[in-house]
Amino acid sequence: MSDDIIENAVIQYQDYSGNWESVEHLGRSTSGEVTRSMQSVQNRLNRKRVRCIDKDSGRIVDII
């Protein structure tokens, strides 16, 4: 896994209506930290879809 740095990472989950809700703001994070945070959120929220975005650009970093 790469150690890319994401400056303003935000973890979001998809609610029942299809909207994405922010649940964690990670700030400056490595790709490994992002993956672990996404898995933790998904486990807490009964396996809902989870993604990470770069808050500044809106770019999707990862989705599970």
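Going by the structure above, here's the rest.
These notes cover the structure that comes with them.

**Structural notes on the pattern of salt bridges**
Inspection of the entire model under this criterion finds 2 salt bridges. Between Arg28 and Glu7 there is a salt bridge, and its shortest N-O distance comes to 2.4 Å. Of this pair, Arg28 sits in strand β2 (residues 20–30) while Glu7 sits in strand β1 (residues 5–14), placing them 21 residues apart in sequence. Look at Glu7 and you get partly exposed, because its relative accessible area is 41%.

**As for the packing of aromatic side chains**
Per the counting criterion, the structure on display carries 0 aromatic pairs. It is Lys48 that lies over the ring of Tyr16; its NZ or CZ is 3.6 Å from the centre.

**Regarding the pairing of strand β4 (residues 60–63)**
Here strand β3 (residues 50–54) runs beside β4; their pairing, made up of 3 bridges, is antiparallel. Residue pairing in the sheet places Cys52 in a bridge with Asp62 of β4. Joining the antiparallel neighbours β3 and β4 is a turn of 5 residues, in which Gly58 adopts a positive phi near 80°.

**Here we look at unusual backbone geometry**
Even without glycine at this site, Asn46 takes up a positive phi of about 55°. Along the chain, Asn46 turns up in the loop between α1 (31–44) and β3. For Asn46, a relative accessible area of 70% corresponds to the exposed category. Despite not being glycine, Arg47 has its phi angle at roughly 65°, a positive value.

**Regarding the nonpolar core**
Judged by nonpolar contacts, Ile6, Ala9, Ile11, Tyr13, Val34, Met38, Val41, Val50 and Cys52 together constitute the single largest core of 9 residues. Looking at this core, the elements with two or more residues in it are β1, α1 and β3. Non-local contacts of Tyr13, meaning those with residues more than four positions away in its chain, are made with Asn19, Trp20, Glu21, Val23, Leu45, Lys48, Arg49 and Val50.

Procedures and definitions
- Just so you know, the residues in each chain are numbered from 1, in the order the chain's sequence is written.
- Given that the model is predicted, a residue must reach a pLDDT of at least 70 before its local features are reported, and side-chain atom pairs must reach 80 or more before they are shown or counted; all residues, however, enter totals for whole chains, interfaces and linings.
- With hydrogens and water excluded, all non-hydrogen atoms of the structure serve as input to the side-chain values.
- The term salt bridge refers to a pairing of a side-chain nitrogen on Lys or Arg with a carboxyl oxygen on Asp or Glu at a separation within 4 Å.
- Secondary structure counts use DSSP, requiring at least four H or I residues in a row for a helix and at least two E residues in a row for a strand, with both numbered from the N terminus.
- Only protein chains enter the accessibility calculation, which uses a 1.4 Å probe; a residue is then buried when its area is under 20% of its type maximum, exposed when over 50%, and partly exposed in between.
- Side-chain rings of Phe, Tyr and Trp, where Trp is taken by its six-membered ring, are said to pair if the distance between their centres is within 6.5 Å; with planes under 30 degrees apart they count as stacked, over 60 as edge-to-face, and otherwise as tilted.
- Consider the ring centre and the ring normal. A charge sits over the ring if Lys NZ or Arg CZ is within 6 Å of that centre and within 35 degrees of that normal.
- Strand pairing is defined by DSSP finding a minimum of two bridges between the two strands.
- Residues belong to one nonpolar core when they are buried, are Ala, Val, Leu, Ile, Met, Phe, Trp, Tyr or Cys, and are joined through side-chain atoms within 4.5 Å.
- Throughout, a residue-residue contact means that at least one pair of heavy atoms, one from each residue, lies within 4.5 Å.

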